[in-house]
Amino acid sequence: MTEQQLLCITQQLSTIKSKSAFYRKKFENIDLGDVKTKEDFECLPFTTKEDLREAYPLGLQAVPDEEVIRIHSSSGTTGTPVIIPYTKKDVDDWRDMFRRCYETAGLTSLDRIQITPGYGLWTAGIGFQNGAESLGAMVIPMGPGNTDKQLKMMMDLKSTVICATSSYALLLAEEIEKRGIKNKIYLKKGVIGSERWGEKMRKRIASELGVKLYDIYGLTEIYGPGIAMSCDYECGMHYWDDYLYFEIIDPKTGKTVPKGQSGELVVTTFRKQGAPLIRYRTHDLTRIIEGNCPCGLKYPRIDIIIGRTDDMIKVKGVNIFPAQIEEVIKDVENASSEYQVMIDHLNGKDILTLFFEVEPNSDKKRVEEAMKIHFKAKIGIVIVPKAVEIGELPRSEKKSTRIYDNRY
Ligand code: ZN
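Bear in mind the structure is a predicted one, so any value in this text is a computation, not a measurement.

Caption draft 1: Region of interest: the coordination of the zinc ion. For the zinc ion, the full set of protein donor atoms is C231 (SG), H238 (NE2), C293 (SG) and C295 (SG), at a range of 2.1 to 2.3 Å. Classification of the site at the zinc ion as tetrahedral follows from its four donor atoms and the range of 101 to 115° in their angles at the metal. Considered as a linear motif, the donors of the zinc ion on their single chain read C-x6-H-x54-C-x1-C. With relative accessibility at 7%, the residue C293 sits in the buried group.

Structure (structure tokens):
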């Protein structure tokens, strides 16, 4: 934490109880004037997604009604959604951060940016659009789906940049390959967000689309996508430490981890007005990368997201993250990037079945055997490997679910 950041935090804390009923209640028994150091700050309670849900619909609002110009909502896959109110300044700040993301990827006003994330209550499409317009680029606001039209616009308007989830980028790449239209595609760069994805999938998308790929990070609770972005050097994502403070904690104990270690990302906003957040637990797993980036940007970096704290599965007593499974798959010759995991409990034993796609004309039995050996060596458990043809596992336009736990 820099002195400047500590100042931002103490200033924010000095007024937050008067502005936010939510934090007035949360910090009821805490004298925020006592927070004078990083260590003091790290003693403050976390803000959780459950807290935000309980504040539904507008309990988070920390400004008078006339200052709220928009709301966004995070997906309510598990019950009540979370509503985040934005002031004009929040929307402008988000746009400025997003423009910075595009600039980090070297985009300019000459680019033609095709946006496939959805528009609506969630923050995806509109964030990509505001940043691109601020940059002065030409926006092609497609939203998700309708692959035929996506490809037609991509060819006719000569899109140079595609913004998509990794699974939708893969679907488009495969479609371009299948239709033999690669020579009519002008894409140079891809901005890929909101999903964790493996190295193998990255290589396939990059080679089939013929583009350089950039990771973008964000979540609706904290503006939306656009709070961190990878640069040309593909060594993590720069995050905007003039707007946000990032901490990495051990998800089990809640304690800050030693520098450089992986854990759960916790974010505090410095400038957010509509719904400021103090120590918000993202459930995203990453680490802070130390040292300077060869690109020269002064903004610090986090690693690409390796998973979600709730993605962690325990099989035969071993904690496993999807990113580790992807690592294993990457190392097995003739195995492709797509996979699916089924976990069952039979006769008192956990059974992990790994379905994975293999390159055409490969010897499935041999690849399965190699997968089993690699998995045991790297992760430490014996699995049931099942090789399938490319295209047999489902592709999705949304966040992919690859792990099915049938034990409970
Ligand atoms: Zn860099």
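Caption draft 2: Spatial organisation of the packing of aromatic side chains. For the structure on display, the rule yields eight aromatic pairs. In this structure an aromatic cluster arises from ring pairing among F22, Y23 and F27. Over the aromatic face of Y243 sits the side chain of R271, whose NZ or CZ is 4.0 Å from the ring centroid.

Caption draft 3: Up close: the sheet that holds strand β18 (residues 335-346). Taken in spatial order, the four strands make up an open sheet running β20-β19-β18-β21, and their pairing is mixed. Each edge of the sheet is formed by a strand with only one pairing partner; in this case those strands are β20 (384-389) and β21 (403-405). Here the strands of the sheet are splayed against their neighbours by 15° on average, with no regard to which way each runs. The pairing of strand β19 (residues 349-358) with β20 spans six bridges and is parallel. The residue bridging F356 from the neighbouring strand is A387, located in β20.

Caption draft 4: Fine view of empty space enclosed by the protein. Counting across every chain of the model gives one cavity of 30 Å³ or more. In this structure, the largest cavity occupies an estimated 70 Å³ of space. Taken together, G198, K200, M201, E326, I329, S337, Y339 and R402 make up the lining of the largest cavity. Among the secondary structure elements, those contributing two or more residues to the lining of the largest cavity are α9 (199-209), α10 (322-331) and β18. Looking at the lining of the largest cavity, its residues break down into three nonpolar, two polar and three charged.

Caption draft 5: Representation of helix α6 (residues 124-135) within the structure. With twelve residues, α6 extends 17 Å between its outermost C-alpha atoms, agreeing within 8% with the 16 Å of an ideal straight helix rising 1.5 Å per residue. Counting buried residues along α6, nine of its twelve residues qualify, which places the element largely inside the surrounding structure. Turning to α6, its buried residues number three or more, namely A124, G125, G127, F128, Q129, N130, G131, A132 and L135. One or two positions beyond α6, positive phi appears at G136, with a value near 90°.

Caption draft 6: The arrangement of the pattern of salt bridges in detail. Counted under the stated rule, the structure contains 31 salt bridges. Residues R99 and D96 are paired through a salt bridge, measuring 3.6 Å at the closest nitrogen-oxygen approach. Here R99 and its partner D96 are both found in helix α5 (residues 88-104), three residues apart, which amounts to about one turn of the helix. Through salt bridges with shared partners, one network takes in K88, D92, R95, D96, R99 and E103.

Caption draft 7: The sheet that holds strand β15 (residues 307-308), seen in detail. One open sheet holds the four strands; their spatial order is β10-β11-β12-β15, and the pairing between them is antiparallel. The open sheet terminates on both sides in strands that have one partner only, identified here as β10 (244-249) and β15. As judged from the two bridges shared by strand β12 (residues 280-286) and β15, these two strands associate in the antiparallel manner. Bridging from a neighbouring strand, D284 pairs with R308 of β15.

Caption draft 8: Structural detail: the environment of Y339. Its location among the elements puts Y339 in strand β18. With relative accessibility at 3%, the residue Y339 sits in the buried group. For the pair Y339 and I329, spaced ten residues apart in sequence, the C-alpha separation works out to 8.5 Å.

Caption draft 9: Representation of the nonpolar core within the structure. Formed by 62 residues in total, the largest nonpolar core has its most connected members in L13, Y102, I113, Y217, I222 and I227. No other element matches the six residues that α5 contributes to this core. Those residues in contact with Y217 that sit more than four places away from it in its chain are G224, P225, G226, I227, A228, M237, L265, T282, D284, I302 and I305. Counting 22 residues, the second largest nonpolar core, distinct from the first, contains V315, I329, F356 and I379.

Caption draft 10: Representation of the layout of surface pockets in the model. Considering only enclosed or pocket space, the second largest pocket measures out at about 640 Å³ in volume. Along its surface, the second largest pocket is lined by 28 residues, and M1, Y239, F246, K259 and I288 are the ones closest to its centre. Where the lining of the second largest pocket is concerned, the elements lending two or more residues are β10 and β13 (288-289). In terms of residue count, the dominant contributor to the lining of the second largest pocket is β10 (four residues). Of the residues belonging to the lining of the second largest pocket, the class tally is 13 nonpolar, seven polar and eight charged.

Cut-offs applied
For every chain, the first residue of the written sequence is number 1, and numbering continues from 1 onward in sequence order. In view of the model being predicted, local features appear only for residues whose pLDDT reaches at least 70, and side-chain atom pairs are presented and counted only at 80 or more, with totals across whole chains, interfaces and linings using the full set of residues. To get the side-chain values, take all heavy atoms of the structure and skip hydrogens and water. Excluding water, the donors of a metal are its N, O and S neighbours within 2.8 Å, or within 3.2 Å for Na, K and Ca, and that exclusion means sites may look incomplete. Square planar and octahedral assignments, for four and six donors respectively, both demand that opposite donors be over 155 degrees apart and that all other angles lie between 65 and 115; tetrahedral needs four donors with all angles between 85 and 135 degrees, and anything else is irregular. Relative accessibility under 20% of the residue-type maximum defines a buried residue, over 50% an exposed one, and the middle range a partly exposed one, all with a 1.4 Å probe and only protein chains included. For Phe, Tyr and Trp, where Trp contributes only its six-membered ring, two rings pair if their centres lie within 6.5 Å, and the inter-plane angle classes them as stacked under 30 degrees, edge-to-face over 60, or tilted in between. As a reminder, the over-ring test applies to NZ of lysine and CZ of arginine, requiring each to be within 6 Å of the ring centre and within 35 degrees of the ring normal. When DSSP locates at least two bridges between a pair of strands, those strands are taken to pair. Helix numbering and strand numbering both begin at the N terminus, where a helix is a DSSP run of H or I of at least 4 residues and a strand a DSSP run of E of at least 2. The axes used here are C-alpha line fits, helices contributing only the stretch in contact, and every angle between their N-to-C directions lies in the interval 0 to 180 degrees. Cavity: a set of points on a 1 Å grid over the protein atoms alone where a 1.4 Å probe fits but cannot get out. Pocket: an open set with protein on both sides within 12 Å along at least five of seven lines, its lining residues, like those of a cavity, having an atom within 4 Å of a point. Grid points are joined across faces, edges and corners, and a volume is the space filled by probe spheres set on the points. Three residue categories are used. Nonpolar comprises Ala, Val, Leu, Ile, Met, Phe, Trp, Tyr, Cys and Pro, charged comprises Asp, Glu, Lys and Arg, and polar comprises the others, including Gly. A helix is expected to span 1.5 Å for every residue after the first. The salt bridge criterion pairs a side-chain nitrogen of Lys or Arg with a carboxyl oxygen of Asp or Glu, the two atoms within 4 Å. Only buried residues count toward a nonpolar core, which is a set of Ala, Val, Leu, Ile, Met, Phe, Trp, Tyr and Cys residues joined through side-chain atoms within 4.5 Å. Any two residues whose heavy atoms approach within 4.5 Å are treated as being in contact.

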